[in-house]
Every structure is written in C-alpha cells, then in structure tokens.
Amino acid sequence: MLRLLVLHGPNLNLLGTREPSVYGQASLPDLDKSIVRRAGERGIAVQTKQTNVEGELVTWIQNARGHFDGIIINPAAYTHTSIAIRDAIAAVALPTVEVHLSNIHQREEFRHHSFIAGVALGQISGFGPTGYLLALEALTAHLDRHPRPRATAKKKPSASRR
Ligand code: CA2
C-alpha cells in the first residue's frame, strides 16, 4: 500500500474561519477528510499534519524517509522564505508535490517566488481544496511510473514487560 504524507504549513489551521474570498469556506478538518476519503478510494494510506512551526515541518519531512512514499505539502508563507524546508525536501529525496489553495502567481509579487518549487515534482496552485486531490493523482501517477521500494509504517513502541 502506498503511504503519503500531507503537510499543511502556518495559519492553515484558520481555514474556513477568515478570508473565505481567498481561501474558501472549507475548514482544515473538512479538507483533510476529503483527502483521506479520496486516498481510501485509491487504496492509499495518508497521514495529514499541520503546524505553525517551521522546524517542525523540517523534522516531519526528515522523518518521512522510509515511512512514506511521497509528500504533498502546502508550506503556506514558508514557501516564500524557507531554505530549511527546501533543503529537507532535497535531503530526503521523496517525490514531493507543492500545493497552494490560491493562485500565488496572481497575488502580491512576494508570493510569486517559491523556494520549494525547485525541489518539488511540480506545483499546483489556484484550485482551492481540489489542488490536494490533483496532487494525490499526480503523485500516485508518478510513483506508478517510477516504482521504488515501498515505505513501511512506523512501528509503535511496544509496552515493556518486566
Ligand atoms: O494559497 C495558499 O495555499 C498559500 O500557501 C496560503 C498561505 C500564503 O502565505 C501563501 O502565499 C499561499 C497563507 C495561509 C494562511 O491561511 C489562512 C487561512 C484562513 C485565514 C487566514 C489565513
């Protein structure tokens, strides 16, 4: 079974509560549910995570190696600032798709540049929540064409017996 990690960056926990004209009405849990549902229909296991902390994203990306086959990431504002996230993606060498809800190229100039795009398979921008589902399709199609040894689920620490 393919295992994909979906990462949401800073402030995306506010989805559905503010700026609906830019980011839509759906909340982050709504968005995650639609991703998990679509993945389930495709027989893919997904784990979704959100953080407002750059270093946490870096650690999650590093730890994905061996446990996930690919990453879908909306780095949010870190897209435009984070060499650390770019370096982590390059280091783990897992196929990664960059997603943005809004079309960053139609917005302010400072959003036009992505530090992530150069190390991503591709970027999907401007399709709202559908972008994550498109990313799922794109990533699975890529993994079908470029098979690699499958990732394995992380072992839960077993309770110690005395
Ligand atoms: O369009 C996207 O998905 C962005 O990654 C969203 C980021 C923005 O900095 C990027 O340039 C483009 C911002 C995420 C903030 O999300 C909010 C959601 C609701 C209310 C306020 C912020």
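Residues numbered from 1 in each chain as written. Predicted model: local features only at pLDDT ≥ 70, side-chain atom pairs only at ≥ 80, totals over all residues. Heavy atoms only, no water.

Caption draft 1: Inspection of the sheet that holds strand S2 (residues 45-50) at higher detail. Strand order in the open sheet formed by five strands is S2-S1-S3-S4-S5, with parallel pairing between adjacent strands. Edge positions in the open sheet fall to S2 and strand S5 (122-125), since each of these has one partner strand only. Sheet twist, expressed as the average angle between the axes of neighbouring strands with direction ignored, equals 20°. As defined by bridge partners, strand S1 (residues 3-8) adjoins S2 across six bridges and the pair is classed as parallel. Opposite Leu-4, over in S2, you have Val-46 as the bridge partner. Against the sheet, helix H3 (residues 54-64) engages S1, S2 and strand S3 (70-74), with an angle of about 175° to S1. (Pairing = 2+ DSSP bridges. Helix = DSSP H or I, 4+ residues; strand = E, 2+ residues; numbered from the N terminus. Axes fitted to C-alpha atoms, helices over the stretch in contact; angles between N-to-C directions. Contact = heavy atoms within 4.5 Å.)

Caption draft 2: Expanded view of the pairing of S3. The element S3 is largely enclosed, with a buried count of five among its five residues. Direction of pairing for S1 relative to S3: parallel, over a ladder of five bridges. Following the sheet pairing, His-8 is matched in S3 by Asn-74. Relative to strand S4 (residues 96-100), S3 is paired through three bridges, and the arrangement is parallel. In the strand pairing of S4, Ile-71 is matched with Thr-96. After leaving S3, the chain enters helix H4 (residues 83-92) and then returns to the sheet as S4, a path that is right-handed. (Buried < 20%, exposed > 50% of the residue type's maximum accessible area, 1.4 Å probe, protein only. Right-handed = clockwise from strand over helix to strand, strands pointing away.)

By themselves, these figures tell us nothing about what the structure is for.
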